[in-house]
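Chain and residue survey
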Amino acid sequence: MTYAITQTCCSDATCVAVCPVNCIHPTPEEPDFGTTEMLYVDPKSCIDCGACADACPVDAIFPVDRLTEPLKAYEGINAAYYEGREPAPVLASPTFHPWGEPSFTRSLPSDFAPLRVAVVGTGPAGMYAAEDLLLHTNAEVTLIDRLPVAGGLVRYGVAPDHPGTKGAGDALARFHTHPRATVRLGVEIGRDVTAEELAAHHDAVVYAVGAPSDRRLGIPGEDLPGSLSAATLVSWYNAHPETAPGSVALGTAERVVIAGTGNVALDVARILVADPAALAATDIADHALAALRDSRVREVVLLGRRGPEDAAYTASELLALGRLPGVDLVLDTHDPRIAAAVDAAAPGDKAALLKDAAREAVDWSRGPGAGRRRIVLRFHSAPEEAVGPDAVRAVRAGGAGGAGGAGGAVEIPAGLLVRAVGHRGVPLPGLPFDETTGTVPHTAGRVDGMTGTYVVGWIKRGPSGGIGANRSCAAETVGSLLADAVDGRLTRPAGSAKAFGRLVRSRSRSLVDARGLAAIDRVERARGAAAGRPRVKLATVPELVAAARRSRLRGVVG
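Residues numbered from 1 in each chain as written. Predicted model: local features only at pLDDT ≥ 70, side-chain atom pairs only at ≥ 80, totals over all residues. Heavy atoms only, no water.

Observations concerning helix H8 (residues 230–237)
Convention followed: Only protein chains enter the area calculation, which uses a 1.4 Å probe; residues under 20% of their type maximum are buried, those over 50% are exposed, and those in between are partly exposed. Each helix is a run of H or I in the DSSP string that is no shorter than four residues. Each strand is a run of E no shorter than two, and both are numbered from the N terminus. Residues count as neighbours in contact if any of their non-hydrogen atoms are within 4.5 Å of one another.
Across the 8 residues of H8, 6 count as buried, placing the element largely inside the fold. Among the residues of H8, Ala230, Leu233, Val234, Ser235, Trp236 and Tyr237 are the ones counted as buried. Residues of H8 that are buried make contact with helix H5 (152–156), strand S10 (227–229), helix H9 (263–273), helix H11 (286–294) and strand S19 (416–419). Positive backbone phi, approximately 65 degrees, marks Ala239, located one or two places after H8.

Focus: the side chain of Thr261
Cut-off, in case you're wondering: Throughout this description, a polar contact denotes any pair of N or O atoms lying within 3.5 Å of each other; where both atoms belong to protein, one of them has to be capable of donating a hydrogen while the other can accept it, and for residues adjacent in sequence the pair is counted only when both atoms sit in side chains.
Structurally, the position occupied by Thr261 is in the loop between strand S11 (255–259) and H9. Here the side chain of Thr261 touches Ala312 through a polar contact of 3.4 Å, landing on its backbone nitrogen.

Some words on unusual backbone geometry
Here the residue pair His25 and Pro26 is connected by a cis peptide bond, since its omega of -5 degrees sits within 30 degrees of zero. One non-glycine residue, Ser11, lies in positive phi territory at about 60 degrees. Take Ser11: it is sitting in the loop between strand S1 (3–5) and helix H1 (14–18). Ser11 sits in the buried class, given a relative accessible area of 17%. For Asp59, which is not glycine, the phi torsion reads 50 degrees and is therefore positive. Residue position: Asp59 is located in the loop between helix H2 (51–55) and strand S4 (61–63).

Let's talk about the confidence of the model for the chain
Basically, it comes down to this: Per-residue confidence from the prediction method is given by pLDDT, with values spanning 0 to 100.
On average, the chain scores 90 in pLDDT, and the residues at 70 or more come to 94%. Below pLDDT 50 for its whole length, residues 401–407 participates in 8 contacts with residues either more than four positions away or in separate chains.

Topic: the nonpolar core
Where a protein is soluble and globular, its nonpolar side chains tend to be buried together. Rules: Here, nonpolar core means buried Ala, Val, Leu, Ile, Met, Phe, Trp, Tyr and Cys residues that are tied together by side-chain atoms lying within 4.5 Å of each other.
Counting 76 residues, the largest nonpolar core has Ile5, Ile24, Leu39, Leu115 and Val117 as the members making the most contacts within it. Ranked by the residues each element gives to this core, the list is headed by helix H4 (residues 124–136), at 7 residues. Membership of the second largest hydrophobic core comes to 49 residues, among which are Val234, Leu272, Leu292 and Leu329.

With respect to the packing of aromatic side chains
Here is the rule: Any two of the Phe, Tyr and Trp rings considered here, Trp counted by its six-membered ring, make a pair once their centres fall within 6.5 Å; the pair's planes then place it as stacked at under 30 degrees, edge-to-face at over 60, or tilted in between.
Summed over all chains, the structure comprises 2 aromatic pairs. When the centroid spacing of 4.5 Å and the interplanar angle of 10 degrees are considered together, the rings of Tyr40 and Tyr81 count as stacked. Here Tyr40, found in strand S3 (residues 40–41), pairs with Tyr81, found in helix H3 (residues 73–82); they are 41 residues apart in sequence, far enough to count as distant. Relative accessible area serves as the criterion here: at 9%, Tyr40 is assigned to the buried category. Ring plane angle 85 degrees and centroid distance 5.0 Å describe the contact between Tyr81 and Tyr82, whose orientation is recorded as edge-to-face. Pair check on accessibility: Tyr81 and Tyr82 agree, each one buried. Here the aromatic cluster, defined as three or more aromatic residues joined through ring pairs, consists of Tyr40, Tyr81 and Tyr82.

Digging into the packing of H4 against helix H15 (residues 469–486)
Spelled out, the test is: Between N-to-C directions, angles span 0 to 180 degrees; the directions come from axes that are lines fitted to C-alpha atoms, helices contributing only their stretch in contact. In these notes the angle categories are as follows: under 35 degrees is roughly parallel, over 145 is roughly antiparallel, 65 to 115 is roughly perpendicular, and the rest is oblique. Here a crossing is taken to be left-handed if its near helix is turned anticlockwise relative to the far helix by less than a right angle, and right-handed if that turn runs clockwise. Each residue receives one of three labels: charged for Asp, Glu, Lys and Arg, nonpolar for Ala, Val, Leu, Ile, Met, Phe, Trp, Tyr, Cys and Pro, and polar for the others, Gly being one of them.
Packing of H4 against H15 leaves a shortest axis separation of 8 Å and a crossing angle of 50 degrees. Considered as vectors, H4 and H15 are oriented oblique to each other. Crossing handedness for the pair H4 and H15: right-handed. Between H4, through Pro124, Ala125, Tyr128, Ala129, Glu131, Asp132 and Leu133, and H15, the contact on the second element is made entirely by Asn470, Arg471, Ala474, Ala475, Val478 and Leu482. Of the residues contributing to the contact of H4 with H15, the split by class is 9 nonpolar, 1 polar and 3 charged.

Brief notes about the packing of H8 against H9
Between H8 and H9, whose axes approach to 10 Å, the crossing angle comes to 50 degrees. When the axis of H8 is compared with that of H9, the two are oblique. Where H8 crosses over H9, the two elements pack in a sense that is left-handed. Contacts between H8 and H9 pair Ala230, Leu233, Val234 and Tyr237 from the former with Val264, Asp267, Val268 and Ile271 from the latter. In terms of residue class, the contact of H8 with H9 is built from 7 nonpolar, no polar and 1 charged.

Dropping the structure here:
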């Protein structure tokens, strides 16, 4: 028996570190690490020890003989990665194998003075940086977030029906109560404190503020009511306190068009057509669940500019899409290149995943119908206009090479257009910003022209890579920070930690500390237990702050 890595793989390589026989690849030292969709177990060298499964933060690793029906495909997916690769040398003992030469990229002197480091952003990127500092140095870390609750992308970006992926957040949350960590939530840089004030109270500052904005389509009608970003919809069903319950109005829409075929687009499509009874067992926002119960959406159409061989989604997310109970996955064959690409795809190719999908040259003059709900993948098609005098009533989509229909375009009746074509960073007061890339200019994480200031995550490298990609990204940034400290390039802070605490208490009306954060968690879990759910999120800033402060007033220690 061997183990297999499955759908929720976060690629942070925790499993690689504990494997005694080096059977999980690619490793962080290998060239293709970070370029593959997930990590893979070599079935020929796995010794069935289970160390990887114990270490996995997202519960993605299982024995092959215990894979449930929806996950059985991952036995072949893991094995396929090793087909045609140079086999590992046969050894006398399976527990000893050749390792690469040891490499020590960091060297801290024995008298290395404790650093005081602020980490701005408590999503995966910021928390991986904090983890590195707290576990491998004697640094004191101040965790800062503009929201009065921690979690960032894990809390507000992961789909509610992916509880395994949220496990990465639980693993990182243990550092909120680390003895050398101080939590200062509800503090916004530029509003409550300036970047200069933050730097004056810390040896170094690491910004992990992500890419909160969205890319626009640049088409007529994009600003009509009924046209919105996937970021808005995702934050709406995840109870983001800055997205009002009324931000998304499904109304009477029976068909939704999504521009994009990335994982976020698939998440949105899946949530819109999923059975509300199944979603009721998740931590989805109460207002979103109520809206989805009343929803009339029967069909979601995903538009992809290129062909199925170049789709942006990962194989694991597409496989999950095809297993939705009561939902059909349909491939629109409006362009002959689509079926040809799928039929010609070799096993393991992305297009090959669609060989079992139903095929149909969809007649868009007809409504979605009253039968089973469905998700339609329409490749070689891009939105050209959101049509409607006062709200979105249809989406005009063009096909490459005039394949979209008469005149090279087709009008798809729809009540909602969702743009899911990528995220974008936004300028942060006090830091340089590259408008072209939507990132902060840097060198190996060092912000250009600002000593002691660093970036990590999407604001550093752009909106690419999943949760686990932030571990190696954080390692590079923290390595740069420590090298600067050893070389004496950091300026000692003029203000103390206590002075910074007094400063933020005087400025922020929504300040939450570690005890308040623990209280929020207890309240949400208690609400969830009463409803048979993992948690019921508090959806507004006042609710979150009130829950945090009630524990203080009652003397509850978190």
